[in-house]
Every structure is written in structure tokens, then in C-alpha cells.
Amino acid sequence: MTNRELQEQIERASEIVASWPVWKQNILIHSSQPRNSVPREPVIYSSSAANQNTSNVKNSDEPK
């Protein structure tokens with residue numbers, strides 16, 4: 001897909017959304033916003049913890 005084709009699709013989609021009622025446009029706008037006012041703490045695994053967590057995962061090729 002070229003940049004021009006992408007731009008044409010974006011313009012077409014914008015025209016469709018502009019024809020919607022305002023309440024429906026607002027739902028679309030707010031659906032992409034975060035629900036929490038405070039960001040969550042990032043979860044950081046050390047390499048040893050990651051190895052321990054993956055050791056319990058069974059290989060899908062192994063017989064059950």
C-alpha cells in the first residue's frame with residue numbers, strides 16, 4: 001500500500017466518522033484513552049525469574 005492509498009483510506013474513514021452522530025464519535029474518541037488516571041507500575045522480570053517462569057511451561061510438541 002502506498003502512502004497515497006493510505007491517505008485516501010484515512011480520508012474516506014474520516015468522512016464516514018464525520019457522518020456519525022456526536023455521541024458515537026465521542027465513544028470512539030474515548031475508547032482509545034486510558035481508564036486509569038495513574039499509570040501502572042511496570043513489571044520487570046530479572047533473567048533468573050524469567051527462566052524460572054518459563055521452566056513450568058510445557059512444550060506443545062510434547063505428548064500429554
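Preceding this section is the structure that the text describes.
Residues numbered from 1 in each chain as written. Predicted model: local features only at pLDDT ≥ 70, side-chain atom pairs only at ≥ 80, totals over all residues. Heavy atoms only, no water.

(A) Highlighting the overall build of the protein chain. A count of helices and strands for the protein chain gives three helices and zero strands. Buried residues in the protein chain amount to 0% of all 64 residues. Carbon and sulfur atoms provide 54% of the accessible area of the protein chain, an area that totals close to 6,700 Å². (Helix = DSSP H or I, 4+ residues; strand = E, 2+ residues; numbered from the N terminus. Buried < 20%, exposed > 50% of the residue type's maximum accessible area, 1.4 Å probe, protein only. Areas by Shrake-Rupley, 256 points an atom, 1.4 Å probe, with all protein chains shown as cover.)

(B) Up close: the pattern of salt bridges. Scanning all chains against the criterion turns up one salt bridge. As a salt-bridge pair, arginine 4 and glutamate 8 come within 3.4 Å of each other at their nearest N and O atoms. Of this pair, arginine 4 and glutamate 8 both sit in helix H1 (residues 3-18), four residues apart, roughly one helical turn. Under the relative-accessibility criterion, arginine 4 is labelled exposed at 66%. (Salt bridge = Lys/Arg side-chain N within 4 Å of Asp/Glu carboxyl O.)

(C) Geometry of the packing of aromatic side chains. Counted under the stated rule, the structure contains zero aromatic pairs. Above the face of the tryptophan 20 ring, lysine 24 is positioned so that its terminal group lies 4.7 Å from the ring centre. (Phe/Tyr/Trp six-rings, centres within 6.5 Å; stacked < 30°, edge-to-face > 60°. Lys NZ or Arg CZ within 6 Å of the ring centre and 35° of its normal.)

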